[in-house]
Every structure is written in C-alpha cells, then in structure tokens.
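Listed here are the chains, written in short residue letters.
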Amino acid sequence: MFPVDAVRERFPALSVSDDGVERVYFDTPAGTQVPTDVIARTTRYFERQNANSGGYFSTSVETDELLESAHQAMADLIGAPSGEQVVFGQNMTSLTFAVSRSLAHRFEPGDEIILTRMDHDANVAPWLLMARDRGLNVRWLPFSRETFRFDLAELDRITTNRTRFAAINYASNALGTVNDVKSMCRVLADRDVTTYIDGVQLVPHRLADVVDLGCDFFVCSAYKFYGPHQGILWGKRDVLDELDPYKVRPADNRLPHRFETGTLSHEGIAGTLGAIEYLEWLADEVTPSSGDADRRTRLAAAMDASDRYEQVLCRQLVDGLTAIKGVTVHGITDPTEMHDRVPTVCITVDGAHPDEVARSLAAQNIFVWSGHYYAVEVVKHLGLDKAGGMVRIGLAHYHTAAEVDRCLEAVEAAASQG
Ligand SMILES: Cc1ncc(COP(=O)(O)O)c(C=O)c1O
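Source: prediction; values computed, not measured. (Residues numbered from 1 in each chain as written. Predicted model: local features only at pLDDT ≥ 70, side-chain atom pairs only at ≥ 80, totals over all residues.)

Asker: Whenever I open this one, the overall build of the protein chain confuses me. Can you help?
Answerer: Secondary structure summary: the protein chain contains 14 helices and 15 strands in total. Relative to the globule expectation of 22 Å for 418 residues, the C-alpha radius of gyration of the protein chain, 21 Å, shows essentially globular dimensions. Its C-alpha atoms give the protein chain principal-axis dimensions of roughly 65 × 55 × 35 Å. By the burial criterion, 49% of the 418 residues in the protein chain qualify as buried. (Helix = DSSP H or I, 4+ residues; strand = E, 2+ residues; numbered from the N terminus. Rg over C-alpha atoms; globule rule 2.2 N^0.38 Å. Buried ≥ 20, exposed ≤ 12 C-beta atoms within 10 Å, placed from the backbone.)

As structure tokens, then:
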C-alpha cells in the first residue's frame, strides 16, 4: 500500500485550511507543493551556506559542493550518465530560449523543423522564433482528436531530408497523454534529426531515462516534481560540446558551466536536491530494504510506487467524471490505458464556461486551472479556443481518494447548473 498518510505529513501545505475548509491542491500540473526536505535544504542554504561559487572560504566551498551534489542527483533522477551534462537555469522556458539561440546556427535557410499540436508553448514559441530568424520551414505534427495520441506513421511522413530538428513533449500538460517518445526519437535519429524533449510533465509522475529515450536534449522543471522554481536541461555530451554557448567571456567554458549563465539560484538548486532526497525517503518508505541500493534504483522504486498509486486515483477521477452528465473528458479515458497518461485530466462542462467551473470549485477550496495553460495549440486543435479552453484537474501522489470524491461532487454540482 502506498504510504499516503506519511507522505502527506511531509508536506506542510497539505494541512493548511481556510476558514476550516481543507484545501485540495488539484493545480498540480502548474506546480506541486513542497515537502519539508525542500524547505530544510533551502533554509539551510540561507542560514549556513549562502555565498557565490568558486571561493576559498567555507560558505563558497560548501556552495560548490552542494552544486555538484545537486547536478549528480538530478542526473540520477533522469538517468543521465553524468552531472556535467545537467544544466540548471531559471526555468524550462528560459533554458529553451537560451539553447535555441545556440542551436539556430546549426541550421540553414530552407531547413525544416517539426513542432507538435500537443506541446506547451515553451516548446513551441522558441522554435517558431528560431525558424523566423533563420528562414526555416515548420512542419506540424497533429494529434488524433479521438485517441489523443500522435501517429508514428504521420511523423515518418512529415520527416523529409531537409528535417533537422524536432521538439516533442513527453507528457501533455493538458491531455495527460504520455507519448511514445522513444519510438519517435528512433524514427528521427535514423534520419539525423536533433530531438528536444519536454519532460516537464513526465518527471513528476514517471522515471525518465534520457539515455534509453535516445533524445539529444531533455528539459524539466523542479517545481513540478515537489521542488522549488528551477529549470533543468540535459543534453548529449557531444551535442553540448559542439554548441556555441551565449556566455560572458570570463565564465568557465567547461560543461555544465558554459550553459549556466550568470549566478545561479543556489537556494533553488539546494531545494531541487531536497526534492530528490524526498523521493529517496519515499523509496525507503515503499521498499524498506532499499537503503543499500544506489540512488537511481531507489528513485525507480519511489517513482514506480507513486505511479501505481496515481494510476488508481486517476482512474477514479476519470471514471467519476465520465459518469457525470454534461461533462466531457478530453484525453484518454479507457480504464485499461491509464499507463498511457499522467493524472492530468481536462474537462468541459456543457453550458458552463471553464472559468465559471474553476471559480465554483475555488469557492469550495478546490484549486483547479481553467483556460489553455499555455497549451495553446492543444486547445486550438480541439476547437475549444473560443469557448474558453478546458478545466484542468491535476493529481499528485499526495492526494487521496476522498479528495477526488470531493472534486467529483463539486463538478457534478457545477454540471447540474450548466
Ligand atoms: C509541459 C510543459 N512544458 C514547459 C513548461 C514551462 O516550464 P517553466 O515554467 O519551467 O518554464 C510547462 C509549465 O507549465 C509545462 O507544463
């Protein structure tokens, strides 16, 4: 059994209530709450270690040690062979804009890039701007409005001998679909296409393995996996080595520093290490004998237990929503296919604007998002842009069946007034 009570005790925010009404944080895909491990790491940094990097005095030495530990922990979380290829930055969006500037020089006018109708705009707009600046042509990969998945044959069809680059999301921040990125990368790598994978919505729910995926770049954000606001980029060593970074002249030209421009958010990186230490704690809870195993193995145990628990909750949510008259779920609903989605579930309610539904849930202290949440292509492709998008309900492993029930009742009440 998943130790949800012990997990919840570790997140101070989960016991906060407003006027006696407990909060239900179903705004998960926009950012998770943080455990005490993250708070302690961040506080400790400010209380005892706060300094710039590269000095001879204790706070600076400790800062450098901490940064190295965090790079290695992050590498273990995403299956990277070395912490040197892990780049910390402000957030996924800023890292992507920065690397797009370097990548742009590899392409010639008339070259083609592939973007998808399923991606968050952070994995679309930087590449559209790169295409504009360099005279590249954009080919769009749609998703099926019936299955909410990509078609590999379509990817193969739109890949030509001019295709040089593809940006693809691993898990959708709107539909919840987990894409078969490994097969997609194989198709693209065979044709020498550079792949940039947005793992922001996957990493909180599943164990990523950047080597197994066969991608060139992988990005994620710590605030989506129980950490602070902090972005992370991984790249294949030869690809990162070949790229010309936009950096100040005195900055270290070795990896990862050549891409870590300016002074980093040391406290954010400390907190990110805390989030990974929290997952290690979870590993010990779900597999008490895991203490001797290496960190990657323990993280795998934690994420596996988390995923199994989340799939049960997700099924409860999806089954409950599909049973409510007037509610449409825009994503995978087949109970046997829960492994193909993360527990991010978007709905529309007949006769009710998404903002209205979100507002009525907020009045009951149930936090959900409405609109497009920057998945502008998804909402347009579904034809929902004029209707105000969708209501997004997102779960994490600290949620309970009782919270899902509370949300279902609230949605049912909203639908009955729709
Ligand atoms: C799938 C996806 N990609 C990218 C981003 C952008 O991440 P960041 O806020 O770290 O720039 C988000 C944020 O919601 C997201 O959900």
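What follows continues from the structure just given.
Asker: Would you mind going over the packing of helix α11 (residues 295-322) against helix α14 (residues 401-417) with me for this structure?
Answerer: Interhelical geometry of α11 versus α14 gives an angle of 15 degrees and a closest axis separation of 10 Å. Here α11 lies roughly parallel to α14, going by the angle between them. Here α11 and α14 pass one another in a crossing that is right-handed. The residues of α14 that touch α11, namely those facing Leu313, Gln316, Leu317, Gly320 and Leu321, are Ala401, Val404, Leu408 and Val411. Among the residues forming the contact of α11 with α14, the class breakdown is seven nonpolar, two polar and no charged. (Axes fitted to C-alpha atoms, helices over the stretch in contact; angles between N-to-C directions. Parallel < 35°, antiparallel > 145°, perpendicular 65-115°, else oblique. Left-handed = near helix turned anticlockwise from the far one by under 90°. Contact = placed C-beta atoms within 7 Å. Nonpolar A, V, L, I, M, F, W, Y, C, P; charged D, E, K, R; others polar.)

Asker: Can you help me understand the sheet that holds strand β5 (residues 112-116) in this one?
Answerer: Within a beta sheet, neighbouring strands are joined by backbone hydrogen bonds and run either parallel or antiparallel to one another. Spatially, β4-β10-β9-β8-β7-β5-β6 is the arrangement adopted by the seven strands of the open sheet, whose pairing is mixed. Each edge of the open sheet carries a strand with a single partner, namely β4 (86-89) and β6 (137-141). The sheet shows a mean angle of 20 degrees between the axes of neighbouring strands, taken without regard to direction. With five bridges joining them, strand β9 (residues 217-221) and strand β10 (residues 231-235) adopt antiparallel strand pairing. Pairing of Ser221 across the sheet is with Gly231, part of β10. (Pairing = 2+ DSSP bridges.)

Asker: What am I meant to see in the domain arrangement of the protein chain here?
Answerer: Many authors give the size of an interface as the accessible area that is lost as the parts come together. Each domain of the protein chain was delimited in the assignment, giving domain 1 (4-34 + 300-417) and domain 2 (40-275). Just the C-alpha atoms count here: the centres of domain 1 and domain 2 sit 26 Å apart. (Domains from an automatic or database assignment.)

Asker: Sorry if this is basic, but what is going on with unusual backbone geometry here?
Answerer: Trans is the prevailing form of peptide bonds, just as negative phi is the prevailing case for residues other than glycine. Of note, the amide linkage connecting Leu255 to Pro256 takes the cis form, showing an omega dihedral of 0 degrees. Its location among the elements puts Pro256 in the loop between α9 (237-242) and α10 (266-286). Although it is not a glycine, Asp192 adopts a positive phi angle of roughly 65 degrees. When you line up the elements, Asp192 lands in the loop between α7 (181-190) and β8 (194-198). Even without glycine at this site, Tyr374 takes up a positive phi of about 70 degrees.

Asker: Would you explain the site of the ligand in this entry?
Answerer: Asn91, Thr93, His120, Asn173 and Ser221 are the nearest of the 15 residues found near the ligand. Among the residues making up the shell around the ligand, the classes are represented as five nonpolar, nine polar and one charged. (Near = placed C-beta within 6 Å.)

Asker: Where do I start with the pairing of β10 in this structure?
Answerer: A regular strand places its side chains on the two faces of the sheet in alternate fashion. Most of β10 is tucked away: five of the five residues are buried. Covered by surrounding structure in β10 are Gly231, Leu233 and Gly235 together with Ile232 and Trp234, the residues of both alternating faces. With four bridges connecting them, β4 and β10 associate as antiparallel partners. Bridge pairing links Phe88 to Ile232 in β10.

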